[in-house]
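Next come the chains, spelled out residue by residue.
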Amino acid sequence: MTRKSATQKPADRPVQIDAKQGETETDTMARVMVGPYLRHGIVSSTISNKMVGTLPGDPKMDDFAKVIKRNANVALKGDLTIASEILTAQALTLDSIFTEMARRSAINMGDYIKASETYMRVALKAQANCRATLEALAKLHQPREQTVRHVHVNEGGQAVVADNFHHHTGGSENAKIGKQSHATGAAGPDPALPGPDPLGNGVPIASSEREAAMQDARRD
């Protein structure tokens, strides 16, 4: 039995792609290439080879695709751990770029002003992107507020928004829905809308016409 030398590369294995029932080979390849996982697996595999060379076990593009799909399925269930980790790592990397570019700008300041300006421009871009990434991370963990308003329709078709009941600030008290009039209380003056009329009429009144009086409540 012959042993492989340490420098001998393992035999290339084919990429494994699972087909669905009833699919042709063409359909299967089109489906996986339109989907995000294999394409991102190809990119991840290429970047890995450029960064560190061949990894132990020699993972292929489909291996990277499976990991990406597994992480995506976790995120789809509401677990934001991977998103938090990515944003945190990106913010730290951008901060490292900022400090390095700022250091190079300081070294060239005074002697090579153009080089100093170029380095500082890159540093400020990294700083702005780091801040934006941290803001996205903070927003990811902020509790979401939701306002629910209930609309009650009384006799005669009057709609009453429940939010108005909870935030009543004065005037006539809100009666119970069954005993509430179609006009609760006198109509008081509202602040005028901004407009060019110096007398305070936010909306111009045509000719000699004046505001019509509101009709009385049907029951009260």
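Since the structure is predicted, the reported quantities are computational estimates derived from the model, not experimental observations. (Residues numbered from 1 in each chain as written. Predicted model: local features only at pLDDT ≥ 70, side-chain atom pairs only at ≥ 80, totals over all residues. Heavy atoms only, no water.)

Colleague: Help me understand the overall build of the protein, please; the structure alone is not making it clear to me.
Modeller: For the protein, the helix and strand inventory stands at six helices and two strands. Taking all 220 residues of the protein together, the buried fraction comes to 15%. Partitioning the contacts of the protein with sequence separation of at least 6, the portion at a separation of at least 24 is 46%. Element-wise, carbon and sulfur atoms account for 56% of the exposed surface of the protein, whose accessible area totals about 18,200 Å². (Helix = DSSP H or I, 4+ residues; strand = E, 2+ residues; numbered from the N terminus. Buried < 20%, exposed > 50% of the residue type's maximum accessible area, 1.4 Å probe, protein only. Contact = heavy atoms within 4.5 Å. Areas by Shrake-Rupley, 256 points an atom, 1.4 Å probe, with all protein chains shown as cover.)

Colleague: For this particular structure, what's the right way to read the layout of surface pockets?
Modeller: Once rolled over the atoms, a probe with the size of a water molecule shows which space is left empty. Approximately 410 Å³ is the volume attributed to the largest pocket. Those elements giving two or more residues to the lining of the largest pocket turn out to be helix 1 (25-34), helix 2 (36-52) and helix 3 (61-76). Per element, the largest residue contribution to the lining of the largest pocket is five residues, and it comes from helix 3. Its residues assigned to classes, the lining of the largest pocket shows five nonpolar, two polar and six charged. (1 Å grid on protein atoms, 1.4 Å probe; cavity = no way out; pocket = protein on both sides within 12 Å on 5 of 7 lines; lining within 4 Å. Points joined across faces, edges and corners; volume = space filled by probe spheres on them. Nonpolar A, V, L, I, M, F, W, Y, C, P; charged D, E, K, R; others polar.)

Colleague: For this particular structure, what's the right way to read empty space enclosed by the protein?
Modeller: Inspection of every chain in the model, using the stated rule, returns one cavity of 30 Å³ or more. By volume, the largest cavity is sized at about 40 Å³. What lines the largest cavity is simply Ser45, Ser48, Asn49, Gly53, Thr54, Leu55, Asp58, Pro59 and Phe64. A per-element tally of the lining of the largest cavity places helix 2 first, with three residues. A per-class count over the lining of the largest cavity returns three nonpolar, five polar and one charged.

Colleague: What exactly am I supposed to notice about the side chain of asparagine 108 here?
Modeller: Within the element layout of this structure, asparagine 108 appears in helix 4 (residues 81-108). For asparagine 108, the side chain forms a polar contact with the main-chain oxygen of arginine 104, separated by 2.8 Å. In this structure asparagine 108 touches Ile113, Ala115, Ser116 and Tyr119, once residues within four positions along its chain are discounted. (Polar contact = N/O pair within 3.5 Å; in protein donor to acceptor, adjacent residues only side chain to side chain.)

Colleague: Before we go on, may I ask you to explain the packing of helix 4 against helix 5 (residues 113-140) in this structure?
Modeller: Packed helices, taken two at a time, are described by the angle their axes make and the gap between the axes. Contact geometry of helix 4 with helix 5 gives a least axis separation of 8 Å together with a crossing angle of 160°. Classified by the angle between their axes, helix 4 and helix 5 sit roughly antiparallel to one another. The hand of the helix 4/helix 5 crossing is left-handed. Of the residues in the contact of helix 4 with helix 5, the class split is 20 nonpolar, nine polar and two charged. (Axes fitted to C-alpha atoms, helices over the stretch in contact; angles between N-to-C directions. Parallel < 35°, antiparallel > 145°, perpendicular 65-115°, else oblique. Left-handed = near helix turned anticlockwise from the far one by under 90°.)

Colleague: Quick question: what am I supposed to make of the pattern of salt bridges here?
Modeller: Think of it this way: side chains of opposite charge can pair up when their charged atoms draw near. For the structure shown, the criterion picks out five salt bridges. A salt bridge links arginine 103 to glutamate 100, with the nearest nitrogen and oxygen atoms 2.7 Å apart. Linking arginine 103 with glutamate 100, this pair stays in helix 4, spanning three residues, or about one helical turn. Residues joined by salt bridges that share partners form a network here, namely Glu100, Arg103 and Arg104. (Salt bridge = Lys/Arg side-chain N within 4 Å of Asp/Glu carboxyl O.)

Colleague: Would you mind going over the confidence of the model for the protein with me for this structure?
Modeller: Atomic detail in the predicted coordinates should be set aside for any region of low pLDDT. Predicted confidence across the protein gives a mean pLDDT of 76, with 59% of residues reaching 70 or more. Here residues 164-175 is modelled with pLDDT under 50, and outside its nearest four sequence neighbours on either side it reaches nine contacts, counting other chains as well. (pLDDT = per-residue confidence, 0-100.)

Colleague: When you look at the environment of leucine 140 in this model, what are you seeing that I'm missing?
Modeller: Counting through the fold element by element, leucine 140 comes out in helix 5. Taking the C-alpha atoms as reference, leucine 140 lies 7.9 Å from serine 84; in sequence the two are 56 residues apart.

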